[in-house]
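A closer look at the structure
Residue strings, one per chain:
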Amino acid sequence: MTRPVSSEIHKARAALAHAPRVLVLTGAGISADSGLRTFRGKEGLWKRYRPEELATPEAFARDPRLVWEWYGWRRSTVMEARPNAAHLALARWAGRRSGVSLVTQNVDGLHARGAEDVGTSNVRSIELHGSLLRVRCTRCPERYGHREPVDAASPETLPKCRSCRGLLRPDVVWFGEPLPADALGEAMDRARRAGACLVVGTSARVYPAAGVAAAAVSAGARLVEVNTHPTPLTPHAVVSLRARAAEAVPSLLEP
Ligand code: BV8
Ligand code: ZN
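The text that follows walks through the structure, step by step, so that each part is easy to find.

Criteria and cut-off values
- In this numbering scheme, every chain counts its residues from 1 along its sequence in written order.
- Going through the entries in the order they are written, you letter the chains from A and number the ligands from 1.
- For a predicted model such as this one, the threshold for reporting local features is a pLDDT of at least 70, and the threshold for listing and counting side-chain atom pairs is 80 or more; totals across whole chains, interfaces and linings nevertheless cover every residue.
- With hydrogens and water excluded, all non-hydrogen atoms of the structure serve as input to the side-chain values.
- Pairing between strands is defined by DSSP: at least two bridges between them are needed.
- The way it works is that DSSP assigns letters per residue, a run of H or I at least four long becomes a helix, a run of E at least two long becomes a strand, and they are numbered from the N terminus.
- In this analysis an axis means a line fitted to C-alpha atoms, helices contributing only their contacting stretch, and an angle means the value between N-to-C directions, from 0 to 180 degrees.
- Residues are treated as being in contact if the distance between any of their heavy atoms lies within 4.5 Å.
- The rule for donors is simple: an N, O or S atom within 2.8 Å of the metal counts, and for Na, K and Ca the reach is 3.2 Å. Water is not among the atoms, so a site may look short of donors.
- Think of it this way: with four donors and all angles in the 85 to 135 degree range, the site is tetrahedral; with four or six donors, opposite ones beyond 155 degrees and the rest between 65 and 115, it is square planar or octahedral; otherwise it is irregular.
- With a 1.4 Å probe rolled over the protein chains alone, any residue whose accessible area is under 20% of its type maximum counts as buried; one over 50% counts as exposed, and the rest are partly exposed.
- When describing relative orientation, an angle under 35 degrees is termed roughly parallel and one over 145 degrees roughly antiparallel, while 65 to 115 degrees is termed roughly perpendicular and anything else oblique.
- Each crossing gets its hand from how the near helix is turned against the far one by less than a right angle, where anticlockwise is left-handed and clockwise is right-handed.
- Note that Gly is not counted as nonpolar here; it falls among the polar residues with everything else outside the nonpolar set of Ala, Val, Leu, Ile, Met, Phe, Trp, Tyr, Cys and Pro and the charged set of Asp, Glu, Lys and Arg.
- Every case where a carboxyl oxygen of Asp or Glu lies within 4 Å of a side-chain nitrogen of Lys or Arg is listed as a salt bridge.
- When the strands point away from the viewer and the path from the first strand over the helix to the second turns clockwise, the crossover is right-handed.

To continue, consider the sheet that holds strand β4 (residues 130–137). The antiparallel open sheet is built from three strands, whose spatial order is β5-β4-β6. The open sheet has two free edges, formed respectively by β5 (143–145) and β6 (168–172), since each of these has just one partner strand. Neighbouring strand axes in the sheet, compared pairwise and without regard to direction, differ in orientation by 40° on average. Summarising the sheet, β4 and β6 pair through five bridges and their orientation is antiparallel. When the bridges of β6 are listed, Val135 appears paired with Pro170. Packed on one face of the sheet, helix α5 (residues 64–80) meets β4 and β6 and runs near 135° to β4.

Summarising the metal site, the zinc ion (ligand 2) is bound by the protein donors Cys137 (SG), Cys140 (SG), Cys161 (SG) and Cys164 (SG), whose distances to it range over 2.3 Å. Taken together, the four donor atoms surrounding the zinc ion (ligand 2) define angles of 100 to 120° at the centre, an arrangement classified as tetrahedral. Binding-site remark: the zinc ion (ligand 2) is held by donors from one chain whose sequence spacing is C-x2-C-x20-C-x2-C. Highlighted residues: Cys140 in the loop between β4 and β5 and Cys164 in the loop between β5 and β6, separated in sequence by 24 residues.

For the peptide bond that leads from Tyr207 to Pro208, omega is 0°, which places it in the cis range. Even without glycine at this site, Arg165 takes up a positive phi of about 65°. Here Arg165 is to be found in the loop between β5 and β6. The class of Arg165 is exposed, set by a relative accessible area of 55%. Phi angles above zero are rare outside glycine, and Ala204 is one such case at about 55°. Under the relative-accessibility criterion, Ala204 is labelled buried at 5%.

Interaxial distance between helix α6 (residues 85–96) and helix α10 (residues 245–253) falls to 7 Å at its minimum, and their mutual angle equals 20°. Classed by the angle they form, the pair α6 and α10 counts as roughly parallel. Taken as a pair, α6 and α10 cross one another with a handedness that is left-handed. Contacts from Ala85, Ala86, Ala89, Leu90, Trp93 and Arg96 of α6 reach α10 at Ala245, Ala246, Val249, Pro250 and Leu253. Taken together, the residues of the contact of α6 with α10 sort by class into ten nonpolar, no polar and one charged.

Under the definition given, this model contains twelve salt bridges. With a closest N to O distance of 2.7 Å, Arg134 and Asp171 form a salt bridge. You can see Arg134 sitting in strand β4 and its partner Asp171 sitting in strand β6, a full 37 residues away along the chain. Assessed through its relative accessible area of 2%, Asp171 is described here as buried. Linking Asp189 and Arg192 is a salt bridge whose minimum nitrogen-to-oxygen distance equals 3.7 Å.

Below, the discussion takes up the pairing of strand β2 (residues 100–104). As a general feature of sheets, a regular strand has side chains that alternate between the two faces. Judged by how many residues are buried, β2 sits mostly within the fold: five of five residues are covered. Of the pairings in the sheet, the one linking strand β1 (residues 22–26) to β2 comprises five bridges and is parallel in character. Bridge assignment links Leu23 to a residue of β2, and that residue is Ser101. You can see the chain leave β2, run along helix α7 (residues 110–118) and come back into strand β3 (residues 125–127), and the turn it takes is right-handed.

Structural data, given as structure tokens:
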């Protein structure tokens, strides 16, 4: 497959190669080429509901069955999905050089699977919004991996805690909930020390996650963006590649 080696890609490659430390921030767009729907795409995650309505503690308190139905469906699509060329190129690149911090807003676990696939398991991704593949108890401190199919047919069949039998919830950050302090703190520290910031597939609308890229830019990092559409970050980018992640990211990062 001939990749577009343009002056833009050349400029973006130089910005990334010359930075001792690079902060990478990804969003749903990097997983679109794995067949996973984005939040705001035209075929949006859920036609009938906006994520801002379903991905909230209020929605879960009001109707845990409906919220689990949505997350159970999303988990099944994630389990069937594969890391795509963008996830794999990122994992290889992070394994080949030092100073890469990978921060994701995604809860699909595809960065971790991509790292496993290419054998760079030492490269971990900072998951700002948690993971679909983990649950936490609404009643006790239990939090653990959970990949079983969810039977959301009735409140009785919803997943229950292995210790206290309390109702489990997806271990993701909902709107109105604070992000894990350690993950956000680490992401912000690394953003402030980065010489370059690579942002892939995010509409950069949700905070404080989008603020990680802004922190890098205001600390002087050169911003490279990969997105099929312009975003609020585009004006701050030295290069914004209007391309699909699965095409542009390998062109940017492969030796
Ligand atoms: C917080 C996990 C405070 C769950 C997610 C009013 C009321 C309440 C809150 C707020 C409010 N106004 C603002 C807020 C804050 C709110 C917020 O930012 N709201 C937005 C809507 C304005 N933020 C919060 O609530 C956060 N918490 O503020 O808490 C607090 C503090 C202390 C104590 C108590 C409380 C929590 C936000 C986290 C929500 N959880 N996800 C789940 O997944 O179900 S957010 C979710 O949407 C994602 O994780 C991501 O972060 C976000 C945006 O999605 P993207 O990843 O960017 O995807 P999107 O579809 O938007 O865009 C895809 C992009 O890819 C597009 O640009 C597209 O062009 C591009 N693309 C598509 N295909 C491709 C591509 N690019 C390349 N290649 C392709 N093939
Ligand atoms: Zn419990």
